[in-house]
Amino acid sequence: MLVLVTGAALVVTVSALPPRDGAPVVVIAAPWSTGAGGMVDAAGGRRLTPWPPHRLAALAVFDGTVPADSLRRKGAWALVDGGQLARFCGVS
């Protein structure tokens, strides 16, 4: 039960960190999707994560507006502001 509550709290916290245009974005993909790295590539972004891309999450940056609708249609579960997430984790 504690794991479920902790997981739910993390999801709520992360979803409250929407991406900002021009800032790093964490793309979180469904496990059965083509993968977060492929989504970023297909949406015209640049991956900041090392190769090979992780299937469930990728750190990326997009020129201009983050194509949130396109990424969600490709299977992204969440798009999170990378800088805010780093600060939440204690990284300055």
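The structure displayed is predicted, hence computed values, not measured ones. (Residues numbered from 1 in each chain as written. Predicted model: local features only at pLDDT ≥ 70, side-chain atom pairs only at ≥ 80, totals over all residues. Heavy atoms only, no water.)

1. Brief notes about the overall build of the protein
This is how it is decided: Helix and strand definitions here come from DSSP, where helices need a minimum of 4 consecutive H or I residues and strands a minimum of 2 consecutive E residues; each element is numbered from the N-terminal end. Residue exposure (1.4 Å probe, protein chains only): buried if accessible area is under 20% of the type maximum, exposed if over 50%, otherwise partly exposed. Contacts: residue pairs with any heavy atoms within 4.5 Å of one another. A 1.4 Å probe and the Shrake-Rupley method give the accessible areas. Residues count as covered only by the protein chains that appear here.
Scanning the protein for helices and strands turns up 4 helices and 4 strands. Taken from the N to the C terminus, the helices and strands of the protein come in the order α-β-α-β-β-α-β-α. A burial count over the protein gives 33% of its 92 residues as buried. The long-range fraction of contacts in the protein, counting pairs at least 24 apart against all pairs at least 6 apart in sequence, stands at 63%. When the accessible surface of the protein is summed, it comes to about 5700 Å², and 66% of that surface belongs to carbon and sulfur atoms.

2. Some words on the nonpolar core
The line we're drawing: In these notes, a set of buried Ala, Val, Leu, Ile, Met, Phe, Trp, Tyr and Cys residues joined through side-chain atoms within 4.5 Å is what counts as a nonpolar core.
Among the nonpolar cores identified, the biggest contains 15 residues, and Val-27, Phe-62, Leu-71 and Leu-79 are the most heavily contacted of them. Secondary-structure elements contributing two or more residues to this core are strand E1 (25-29), helix H2 (36-42), strand E3 (57-61), helix H3 (68-73) and strand E4 (76-81). When neighbours within four sequence positions are excluded, Val-27 is seen to be in contact with Ala-36, Met-39, Val-40, Leu-56, Ala-57, Ala-58, Leu-71, Ala-76, Ala-78 and Leu-79.

3. Side note on the environment of Arg-46
Selection criterion: We call two N or O atoms a polar contact when they sit within 3.5 Å, provided that within protein one can donate a hydrogen and the other can accept it, with sequence-adjacent residues counted only if both atoms are side-chain atoms.
For Arg-46, the position within the fold is in strand E2 (residues 46-47). Remark: the alpha-carbon pair of Arg-46 and Phe-62, spanning 16 residues in sequence, is separated by 6.4 Å. When sequence neighbours within four positions are dropped, the list of residues in contact with Arg-46 reads Val-40, Leu-59, Ala-60, Val-61 and Asp-63. A polar atom in the side chain of Arg-46 sits 3.0 Å from the side chain of Asp-63.

4. Quick word on the pairing of E1
Condition: When DSSP locates at least two bridges between a pair of strands, those strands are taken to pair.
Counting buried positions along E1 yields 4 of 5 residues, so the element is predominantly enclosed. Across 4 bridges, the pairing between E1 and E3 is antiparallel. In the strand pairing of E3, Val-27 is matched with Ala-58. Note that E1 and E4 share 5 bridges and pair antiparallel. Bridge pairing links Ile-28 to Ala-78 in E4.

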